[in-house]
Amino acid sequence: MLAVLVGLPLLMAVVAAVIPWYRVRSWLLAVTGLVHVVLAGLLVIHPLRAAPPGAWVGLDALSTLVLLVTSLLFLGCAIYAVPYLDLRRDRGNRMIVPCLLVFLSVMTLAVIARHLGVLWFAVESTTIASAPLIYYNRNALSIEATWKYLLLCSVGIALAMLGIMFIGYSALGLESHVSLQLDDLLRQGPQLSRPWLHTGFVFLLVGFGAKVGLAPLHSWKPDAYGEAPGLVGALLSGGLTSVAFLAVLRSVQIMAAAGDVAMARQALLGMGLLSLVLAAVFMVRQPDLKRMLAYSSVEHMGILAIGVAIGGLATFGAMLHLVNNALTKGCLFLSAGNIQRTFASKKLSTVHGAMTVLPVSGALFMAGFLAITGAPPFGPFLSEFTILRGIVAADRPGVLAVVLIALATVFIGMGSTVLAATQGEPGEPTLRGQDRFLLTAPPLVMLLAVLMLGLYIPPPLRDLLQSAADLLEAKP
Amino acid sequence: MYGVTNLLLIAVILINFFTLGSSRLNSCIRAVAAQGALLALIPLAAHGLTFHTVVLGVGAFALKGVLIPWVLLRALRQMRLRRESGPLIGYIPTMVLGALITSAAFIFADFLPLRPEHRGGLFIPTSLATLFVGFLLLMTRRDAVSQVLGYLVLENGIFVFGTLLAEAMPLMVEAGVLLDLLVGVFIMGIVMDQIQREFSTLNTERLSALKG
Amino acid sequence: MIVTTLLRLVLLLAFAPLMLGVIARTKAAFAGRQGAPVLQPYWDLGRLWRKGIVVSRTTTWIFWAGPVVAVTVPVVASLLLPMGALAAPLSFEGDVILFVYLFALARFFTAAAALDTGSSFEGMGAAREVTFACLAEPTLLLGFVVLARLADGLTLNALLGAHLAAAWGSSGASLALIVVCLMVVLLVENARIPFDDPNTHLELTMIHEVMVLDHSGPLLGLIQYGAALKLMVLGAVIMRMVLPVDTGNLWLDAGIFLGGQFVLAVVIGTIESVMARLRLARVPQILVGTTLVAVFAVVLVLR
């Protein structure tokens with residue numbers, strides 16, 4: 001089953017690279033996304049027998065959660081991609097479709113990996129598979145963004161490899177054979193050599209943190225998200241960051257098993273707060289819509305890190321926020337892509353009155369902004385509120401104050417940009433956009449899902465979130 | 001066998017120095033290739049001939065020593081580039097920094113809580129030194145090719161550390177890691193080619209349009 | 001004792017120019033030529049000795065002192081240095097320092113003699129020579145630091161003793177590095193390719209040769225003879241490190257020493273044949289690099 005989840009997109013990627021029909025190739029994307037979602041849904045409904053300890057791949061609550069999010073997001077983007085690629089016949093899709101499918105495949109592999117080596121391989125592969133996606137527009141700016149992304153992420157991931165090696169070294173001599181399998185490491189936890197474990201954790205945090213886009217390693221994010229097509233931005237900010245965050249969580253798990261969760265949380269808290277504050281600063285008066293969204297992604301990754309760092313209720317909130325953030329970002333990037341295409345710009349100097357020109361996309365963008373900044377009744381409100389409650393319960397007034405101030409700054413900063421873009425009169429009165437059904441339906445559905453999550457969390461999802469959060473707590 | 005391993009590691013460090021001091025991209029790439037090839041021998045020298053080490057050695061040799069340099073050299077030929085744009089802080093300062101870092105790595109390694117069998121060995125200091133030299137290259141060089149070389153040197157440093165853990169990495173994973181490296185460098189090569197076309201230079205300082 | 005000392009002097013004084021001949025022969029072989037006879041340097045020296053001397057009116061006694069010092073210094077230095085297994089007759093704690101600075105003295109006089117002529121080209125050559133020597137000196141000293149760490153004493157006899165054979169086993173890496181570094185120093189000090197070209201004909205690119213442009217006849221002969229002696233003395237350090245063999249038999253030891261020098265000459269010839277001359281700006285870079293490698297070798301033996 002798991003093999004199919006990874007293998008199917010890979011197979012389809014090969015098929016897509018071979019077949020000569022343009023439309024079929026686009027639709028292949030959507031079909032694969034649909035099959036992937038169905039398979040992932042089946043896995044949630046009928047969980048697999050627990051993977052034998054020592055298996056390289058397997059599903060636990062955390063990975064099921066991320067798998068579901070990634071899969072859903074991919075389906076949305078894949079459906080969006082069909083009309084999008086029709087509009088972009090000049091660029092062709094022989095490159096982007098296989099890359100997207102490979103990207104899905106390796107993201108899935110990263111999610112289900114239970115061996116640090118496999119995890120590393122999959123995360124590094126996501127970098128490689130996504131680089132051509134960022135480069136899709138083939139202009140000077142996208143080259144620059146791709147280069148920075150490739151170099152920073154590759155180096156970051158290399159450091160993560162070093163972290164994995166260090167953790168392996170900390171287990172050296174405990175048993176006849178060093179294993180980097182997650183269950184083995186969790187079992188050996190308390191006996192792992194401390195200094196090496198701690199150093200290894202720091203490197204893992206830095207390495208995968210670069211991929212997550214936690215400050216101060218976020219500098220690739222605005223460039224990459226800004227220059228990539230909207231649907232790629234959606235996949236990166238919703239899917240890839242979640243996957244990379246899962247990788248960070250795996251290292252937190254190991255630290256928790258070793259009884260050193262306090263140190264892990266300290267580090268996460270520091271990076272989380274820094275991300276939040278830096279993102280807030282850069283979002284004020286941000287003249288570029290997509291860069292603004294990228295900084296918003298940095299901000300929300302910071303919130304996730306803070307949630308996990310505080311622990312208890314906040315961890316639950318963070319898990320919920322992971323879902324909310326992914327779906328809201330999907331909605332925002334896809335609608336921003338529609339706006340950018342119509343105005344042929346993503347700069348505030350050109351984009352005015354998006355609501356008039358593109359009623360549906362403009363409204364979706366506006367609503368997405370309200371959702372992501374934590375306005376009720378959307379899902380992020382609930383999850384951010386849960387995290388804040390967790391912070392209060394943990395009695396951390398300083399953290400609370402910083403988070404609240406940063407969130408308020410973000411709301412104001414983002415608000416001024418988004419309002420200027422959506423409201424008012426379009427600069428060229430003749431400009432008439434066209435909202436096409438398949439280009440607006442996916443973001444709309446994502447927004448509705450987020451809205452629903454804000455009003456009602458289905459019990460199975462709540463159980464899933466709870467057991468995912470439990471995995472991150474220190475064992476007694 | 002111990003002596004051979006140490007000689008290999010020393011050679012790795014010397015190549016670090018060479019890469020820091022050389023201005024010809026061609027010879028830099030060849031040096032990094034030689035480093036990769038030497039590294040491929042280290043598992044064999046350190047752990048003896050087993051199926052694992054032989055496959056790993058051959059794989060690493062083929063990729064680090066042959067294929068990746070070939071990709072880079074080909075890219076270089078297409079771009080008709082010989083000399084790099086020079087480091088930010090001059091060759092001699094980079095070399096001095098490299099030597100300081102290397103010495104620091106040696107001193108630092110003595111303070112690490114190593115397992116008794118690794119104490120005083122050359123593995124850890126070589127690994128750290130190579131890692132830092134890779135970083136130094138990445139930070140001080142302005143052209144794209146040298147930055148990729150820095151990344152490769154960094155990877156090599158990690159590879160040295162990895163050989164300490166003998167069999168912790170299953171072969172499949174190790175193969176995947178090497179494959180990632182190859183495809184990664186291949187894509188970097190393509191992007192470099194595009195940079196050259198778009199900006200008529202490989203100087204990455206020109207890549208500064210995206211800000212804020 | 002007396003026999004050994006005399007034998008050493010004979011070896012040095014008689015066989016030093018032979019090394020130049022062997023180098024030239026090796027280069028010729030690489031170039032596919034037959035080359036000059038191996039004994040050609042002797043004929044050259046003889047020819048120069050029979051010629052007259054032209055001395056510029058602007059020069060002083062320093063101009064004469066240069067060549068004389070250039071010959072005397074290697075001979076004196078050789079007295080401190082074991083040649084192969086033939087121990088040095090003159091030996092005291094710290095003679096390493098004297099050994100290194102004797103060459104500095106020679107350099108001082110050669111450079112001063114070059115400046116004494118008042119020619120701009122020779123001044124330029126002197127400046128270059130001194131610069132490069134400055135950069136090469138730390139390497140030489142660091143090399144001796146490594147040797148001192150491995151030995152139990154600060155005399156050259158102790159540093160280059162028979163214990164080196166065992167030391168190759170324990171810290172072969174450092175010794176290998178030092179041998180490479182000293183090889184670079186040897187090439188720089190003796191103005192060989194890739195750092196300097198003894199056969200060049202363009203003053204602008206010369207280093208060592210440009211300094212002796214104004215010397216003629218026997219004075220030039222002395223300088224060339226001194227250069228050959230210097231090559232052999234410095235070469236003896238390297239070859240002793242590579243070949244630390246003590247047979248106990250005086251004549252066998254002398255044979256091994258000569259054989260080693262012969263091999264070294266072939267190696268130098270090979271290097272000169274396969275390498276192109278470096279751009280002047282690159283030379284300091286290489287020398288700093290060598291120094292760093294030597295530092296690294298020191299770190300290796302110190303840990």
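Residues numbered from 1 in each chain as written. Chains lettered and ligands numbered in written order. Predicted model: local features only at pLDDT ≥ 70, side-chain atom pairs only at ≥ 80, totals over all residues.

Draft legend 1. Main features of the overall build of chain A. Scanning chain A from N- to C-terminus turns up 19 helices and zero strands. Its C-alpha atoms give chain A a radius of gyration of 21 Å, near enough to 23 Å, the size a compact globule of 476 residues would have. Principal axes of the C-alpha set define a box for chain A whose edges measure 75 × 55 × 45 Å. Within chain A, buried positions represent 64% of all 476 residues. (Helix = DSSP H or I, 4+ residues; strand = E, 2+ residues; numbered from the N terminus. Rg over C-alpha atoms; globule rule 2.2 N^0.38 Å. Buried ≥ 20, exposed ≤ 12 C-beta atoms within 10 Å, placed from the backbone.)

Draft legend 2. Examining the overall build of chain C more closely. Regarding its fold elements, chain C presents eleven helices and zero strands. Starting at the N terminus, the α and β elements of chain C follow one another as α-α-α-α-α-α-α-α-α-α-α. Relative to the compact-globule value of 19 Å for 303 residues, chain C shows a C-alpha radius of gyration of 19 Å, a close match. Along the first, second and third principal axes, the C-alpha set of chain C runs to 55 × 45 × 40 Å. Here chain C holds 303 residues, and the buried ones make up 48% of them. For chain C, the share of sequence-separated contacts (at least 6 apart) that also reach a separation of at least 24 residues comes to 79%. (Contact = placed C-beta atoms within 7 Å.)

Draft legend 3. How the structure looks around the packing of helix H3 (residues 61-87) of chain A against helix H18 (residues 437-455) of chain A. Residue and element names in this part refer to chain A. Where H3 meets H18, the closest approach of the two axes is 7 Å, and the angle between their N-to-C directions is 165°. Viewed along their axes, H3 and H18 adopt a mutual orientation that is roughly antiparallel. Between H3 and H18 lies a crossing whose hand is left-handed. Contacts between H3 and H18 involve Gly76, Cys77, Ile79, Tyr80, Val82, Pro83 and Tyr84 on the former and, on the latter, Leu438, Leu439, Pro442, Val445 and Met446. Taken together, the residues that form the contact of H3 with H18 break down as eleven nonpolar, one polar and no charged. (Axes fitted to C-alpha atoms, helices over the stretch in contact; angles between N-to-C directions. Parallel < 35°, antiparallel > 145°, perpendicular 65-115°, else oblique. Left-handed = near helix turned anticlockwise from the far one by under 90°. Nonpolar A, V, L, I, M, F, W, Y, C, P; charged D, E, K, R; others polar.)

Draft legend 4. Representation of the interface of chain C and chain B. Contacts between the two partners involve twelve residues from chain C, matched on the other side by 17 residues from chain B. Counting only elements with at least two residues in the side of chain C that touches chain B, the list comes to helix H7 (164-189) and helix H11 (282-302) of chain C. Broken down by element, the side of chain C that touches chain B gets its largest block of residues, eight residues, from H11 of chain C. For the side of chain C that touches chain B, the per-class residue count stands at eight nonpolar, three polar and one charged.

Draft legend 5. Expanded view of the packing of helix H12 (residues 289-310) of chain A against helix H13 (residues 313-343) of chain A. Residues and elements named next belong to chain A. At a closest axis distance of 9 Å, the pairing of H12 and H13 adopts a crossing angle of 175°. Taken as axis vectors, H12 and H13 run roughly antiparallel relative to one another. Residues Leu289, Lys290, Leu293, Ser297, His300, Ile303, Leu304, Gly307, Val308 and Ile310 of H12 pack against Ala314, Thr315, Gly317, Ala318, His321, Leu322, Asn325, Lys329, Leu332, Phe333, Ala336 and Gln340 of H13.

Draft legend 6. Representation of the interface of chain B and chain A in the model. Counting from both sides, the interface comprises 33 residues of chain B and, opposite them, 36 residues of chain A. When residues of the side of chain B that touches chain A are traced back to their parent elements, those giving at least two are helix H6 (144-164) and helix H7 (171-199) of chain B. Ranked by the residues each element gives to the side of chain B that touches chain A, the list is headed by H7 of chain B, at 13 residues. When grouped by side-chain class, the residues that make up the side of chain B that touches chain A number 22 nonpolar, six polar and five charged.

Draft legend 7. Looking closely at the nonpolar core. By size, the foremost hydrophobic cluster in this structure holds 366 residues, and its most contacted members are Phe103, Ala110, Ile134 and Leu235 of chain A together with Leu81 and Ala297 of chain C. Looking at which element gives the most residues to this core, the answer is helix H6 (residues 140-170) of chain A, with 20 residues. Dropping the residues within four chain positions of it, Phe103 of chain A is found in contact with Thr126, Ala129, Ser130, Leu133 and Leu235 of chain A. (Core = buried A, V, L, I, M, F, W, Y, C linked by C-beta atoms within 7 Å.)

Draft legend 8. Spatial organisation of unusual backbone geometry. Residue Pro376 of chain A is joined to Pro377 of chain A through a cis peptide bond whose omega torsion reads 10°. Looking at where Pro377 of chain A falls in the secondary structure, it is placed in the loop between helix H15 (359-372) and helix H16 (379-393). The omega torsion of the bond from Ile193 of chain C to Pro194 of chain C falls at 10°, within 30 degrees of zero and hence cis. Secondary-structure assignment places Pro194 of chain C in the loop between H7 and helix H8 (208-211). Positive phi, normally seen in glycine, also occurs at Arg138 of chain A, with a value near 50°. Mapped onto the elements of the fold, Arg138 of chain A is located in the loop between helix H5 (116-134) and H6.

Draft legend 9. Here's a closer look at H6 of chain B. For H6 of chain B, built from 21 residues, the straight-helix expectation of 30 Å at 1.5 Å per residue is met to within 8% by its first-to-last C-alpha distance of 31 Å. Buried residues dominate H6 of chain B, accounting for 21 of its 21 residues. (Expected span 1.5 Å × (residues − 1).)

Draft legend 10. View of the environment of Ala14 of chain C. All names here are of chain C. Tracing the chain through its elements places Ala14 in helix H1 (residues 2-31). Taking the number of C-beta atoms within 10 Å as the measure of exposure, Ala14 has 10 and is therefore exposed. Distance from Ala14 to Leu229, taken between C-alpha atoms, is 9.5 Å for residues 215 residues apart in sequence.

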